[in-house]
Structure formats: C-alpha cells, structure tokens
Amino acid sequence: DVAYLRSVLPSTIDDAFFDYLATLDASEVTVTAIPEGSVVFARVPFLQVKGPLLVVQLLETTLLCLVNYASLVATNAARFRLLAGPDMKLIEMGLRCAQGPDGALSASKYSYIGGFDCTSNILAGKLYGIPVRGTIAHSFIMSFRSLEEVQPRELPPRAGGDPVDLAGLAVSWLQRVCDLLQTPPGKANQGELAAFVSYAVTFPCDFQGLLDTYCVRRSGLPNFCAVALALHQLGYQAIGVRLDSGDLAQQSKEIRRVFQACGAHFQVPWFGTIPIAVSNNISEQSLEEFRREGSEIDMIGIGTNLVTCPLQPSLGCVYKLVEVNGSPCLKLTEDEEKMTIPGMKTIYRLYDAAGHPFMDLMALEEEPSPSAGQELGIRVLGRLGETTKVIPTTVEPLHRTYFRDGQVCEPLPSLPEVRTHAQVSLNLLSPAHRRLHEPQPYPVAMTERLHQLFLELRQGS
C-alpha cells in the first residue's frame, strides 16, 4: 500500500511521511455505537470514533460506505414490512437489479434485518444463513411444447408402491378441472402442462406453479390444479403458486375462489388454502393498494423497489469532527441543519409511561446520567430558543463500546438476533412516529450544558 501511495503522490513528499504511514494501526481507536438493528433518528450520532486524528480520518470513507447503503436498505425493507403487516411473507428478489454483486449481497443481508423473511439470492443464503426461496421461471415453462418432452414422467406414490405416469394422470384431472371451471381443456397450453408435470416429478413435495406465462384463467390455473390434484392422488401436497403480471389483488381473489371450489368439489380440504405469491415491480404503493382493495395474497416478492431504494437513493450519513485534543469543535454553516453538535457525547433514549420512546437526548460525556422520574430541562433541536421540561419514565443509554485497543470487545449478535432486535425496536415506536405518511416528528434534544457549549463555540467563531 505504501509503495502504491509513493507512485501516485507528489515526488516532493518527504520519505519520513511514508515511513510514518507504515506504522499506523488501529490499536488506539475506540468505537462506541448504537447496537445494530436499532432505530436511529436524524442528528443522533450512532457511531463515535476516538483515536489519533490521521487514523480516524482514514476511517471516514470506509465507515460511511459500510453504514450508508446498509442502513438505507434496512430502512427501506422496514417500511415494506410495516406496510405489509406482520403476517405477510416477504421475499427479497432484487439480485438482477441491484448495484452490482456487492450491492446485491448487502441488499439481501440488510433486507433480512429490515424484516424480510427470505431471499432468492442463494449466495446470501450460503454466506449469511438467510432462508432461501424461489419459484419456477417463465423461461422454464416456455421451454416445453408438449407432454412428450417430459422425461422422466413416472412418480411413485408417497406411501410407496409402483410408479405412476404423472403426465397421464394430470391429463385426466385436467378434464375434470375444466368441467368444474367451465373452460375448454383445449385452451390449456400443453407446453405449460408439460412444464408443471416435469417440475412436479422432480419436486413432488415442493411443487409450485407460475400461472401467468400464457392465460391465467384458461391455462395456468387449470393446468396447475390438474397437476396438484394428480400429486394429491399420489399422496403429495402442492406448496403454492405465483402471479407476475396483471391486477394481482383481483387475480388472487379469483384464484382463491377456484382453489376453494376445487377443494370442495374434489374433497381435498387443504386445496383452498394453497399459498398465493405475487411479484412484478412491487412498490410501497402496491402494498397500500393490496390493503385497500383486499386480496388473498400470502407472499410478496419485492426486487427493484427494495434494493435500489428509488424513493430515497441515498441515506446521507455523515462523519464529522467534534473534538480535538480535548477541545470541542463546531462546524459552522448558514444551513442550521448542517451544523454539527460539538463535543464527545452520550446518547439517551427517553421512554414514556406506555413504554414508547418519545425523545433522544444528547449530553456531554462528563455529565451525570439523567434518571427515570427526574424532571429534565432540555433544548429540542429546531426549537433551541426555548427550554422544554420532560419527565421520562425510563432512561436508556444507547451507546455501547464495541472496539477498543485493537480488539472487538463486545460480543457481536448473529444475523437473526439483529433482525429480531430491529423488529422489536420498530415496534416500540408509538404509532404516531411509526406511520409512514405524515408521521409525527420524533424530537432529538440536547442538555442545557451541551446547548451552552454549542452557543459559546458558535458565538466565539
């Protein structure tokens, strides 16, 4: 690294500078942070780094790179989870549209933290242990033309016995399903039926159908039902279907009615509850429409609008110097939102009697910790000209030390633990702060001592 820097920096630089660079390490750096997966609000420092000036300056770009996109995707995923509700299954499907392989892996990992249940990115499953899920592809269905192409086509009953020609059994069921649905069997695409049979022979315990390669009502739905009922006759149970086009909410209701009709008519009770998954450029607006219109959707696959974050393409985390050699410092600007809050700080989260956080409070490190039930005089950012009195029911210090003397000093949680913590953290918010449209602003404040320091530095500059 030093040799490379010699090649690109001006030749006039003293050799001693490069010798000095070779001695740098992180043994004098301390990092305190709000635990991963916690809800963090604007202007609250969630990472604090102490150490030699040059070292902490070198860390700036790396830390922001690691934090910005990860936090952005986790936040975006959390918004989808809040809109979908706790019972909807969400699958991350953004690999093909992500910003490169690294962005795709980050998106899969942090979507899971934000509340998604699984991913279609199998490498993310391998590396991080995220549950993986996928469905049959349009290209697979379109690659078949007729049942003669299905090889092998026999499947033994689940309970044992001689193999049965599943293709022939499916054809007989197709006639019965079409009679029930009053749709001509000749309208069902034979290539699609062949693809379903081939998939079912290979994955009899995990059979699922993609219904919209051709026509859902006349082809995809009857073909799926025929193969699923043929599998049922042999002791197997289909696991679901997916829709990838059209009016997804309306189609899901129509499909559910067909499944229920087949279940009742052919006396297969579980048939009416076959899970229905949807995809196709799902956005926050899509989830709002599903909820408004009502649907029979059980799982939603979200890709582009999750991993590319089009509503807010960057998060805007910043890394600012607040103290040098024990002297607090302040970045001044005409834009008050961009002014830094000086000094090394401790962050407290204040809770009300209902158990909801209602304010984050920044204090200087040397200040005594506020106590539960104690009246506090504080200054709310955006209203610094007036003192506000608050009485917290509970006070939680947010920062923990994770890195000191060159070593990780706090056990790092597993990915499922971070995911659980994120959901608990979100659920603690009051509904007024958690709602996605016109939420009540969450106040961030500073103590009177910190405010006095802020004023002194501002006036002195």
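Residues numbered from 1 in each chain as written. Predicted model: local features only at pLDDT ≥ 70, side-chain atom pairs only at ≥ 80, totals over all residues. Heavy atoms only, no water.

Naming follows an unreviewed UniProt entry, where the protein appears as Nicotinate phosphoribosyltransferase of Ploceus nigricollis. In UniProt, the protein has this text filed under Catalytic activity (unreviewed entry): "5-phospho-alpha-D-ribose 1-diphosphate + nicotinate + ATP + H2O = nicotinate beta-D-ribonucleotide + ADP + phosphate + diphosphate". In its Pathway (unreviewed entry) section, the UniProt entry covering the protein states "Cofactor biosynthesis; NAD(+) biosynthesis; nicotinate D-ribonucleotide from nicotinate: step 1/1." (UniProt positions renumbered as here; feature names shortened; annotations may be inferred.)

Peer 1: Run through the environment of L63, naming residues and quoting values.
Peer 2: Looking at where L63 falls in the secondary structure, it is placed in helix α3 (residues 53–84). Ignoring anything within four residues of it in the chain, the contact list for L63 reads V49 and Y319. (Helix = DSSP H or I, 4+ residues; strand = E, 2+ residues; numbered from the N terminus. Contact = heavy atoms within 4.5 Å.)

Peer 1: An account of the packing of aromatic side chains is needed here, citing residue identities and associated values.
Peer 2: A full pass over the atoms with the stated rule returns 13 aromatic pairs. Ring centres of F140 and F144 lie 5.2 Å apart, and the angle between their planes is 70°; this geometry places the pair in the edge-to-face category. On the numbers, 5.3 Å between centres and 15° between planes, the contact of F207 with F224 is stacked. Of the two residues, F207 is situated in the loop between α8 (190–202) and β7 (208–210) and F224 in helix α9 (residues 216–233); the sequence distance between them amounts to 17 residues. Neither F207 nor F224 differs from the other in exposure class; each is buried. Ring pairs connect the aromatic residues F140, F144, F196, Y199, F203, F207, F224, F259, W270 and F271, which therefore count as one cluster. The residue whose ring lies beneath K109 is Y128, and the NZ or CZ to ring-centre distance is 5.0 Å. Positioned above the aromatic ring of W173 is the side chain of R176, whose terminal nitrogen or guanidinium carbon lies 4.0 Å from the ring centre. (Phe/Tyr/Trp six-rings, centres within 6.5 Å; stacked < 30°, edge-to-face > 60°. Buried < 20%, exposed > 50% of the residue type's maximum accessible area, 1.4 Å probe, protein only. Lys NZ or Arg CZ within 6 Å of the ring centre and 35° of its normal.)

Peer 1: Give me unusual backbone geometry: which residues, what numbers.
Peer 2: The step from Q151 to P152 runs through a cis peptide bond, and the omega angle for that step is -10°. For Q267, which is not a glycine, the phi torsion comes out positive at approximately 55°. Along the polypeptide, Q267 turns up in the loop between α10 (248–265) and β9 (276–278). If you check the backbone angles, N325 has positive phi at about 50° while not being a glycine. By the element assignment, N325 lies in the loop between β11 (323–324) and β12 (327–328).

Peer 1: Outline the packing of α3 against helix α11 (residues 284–293), supporting the account with residue identities and numerical values.
Peer 2: Where α3 contacts α11, the two axes come as close as 9 Å, and the packing angle between them is 10°. In this view, α3 runs roughly parallel relative to α11, as classed from their interaxial angle. Residues N76, R79, F80, L82, L83 and A84 of α3 form the contact with α11, whose own contacting residues are E284, L287, E288 and R291. For the contact of α3 with α11, the per-class residue count stands at five nonpolar, one polar and four charged. (Axes fitted to C-alpha atoms, helices over the stretch in contact; angles between N-to-C directions. Parallel < 35°, antiparallel > 145°, perpendicular 65-115°, else oblique. Nonpolar A, V, L, I, M, F, W, Y, C, P; charged D, E, K, R; others polar.)

Peer 1: Would you mind going over α9 in detail, with residue names and values included?
Peer 2: Between the first and last C-alpha of α9 there are 24 Å, a value that for 18 residues agrees with the 26 Å anticipated at 1.5 Å per step. The buried count for α9 comes to 14 of 18 residues, which makes it a mostly enclosed element. Looking at the residues trailing α9, positive phi occurs at G235, about 100°. (Expected span 1.5 Å × (residues − 1).)

Peer 1: Outline the sheet that holds strand β19 (residues 407–408), supporting the account with residue identities and numerical values.
Peer 2: Read across the sheet, four strands follow the order β2-β1-β18-β19 without closing on themselves; strand pairing throughout is antiparallel. In this open sheet, the two strands that pair with only one neighbour each are β2 (47–50) and β19. (Pairing = 2+ DSSP bridges.)

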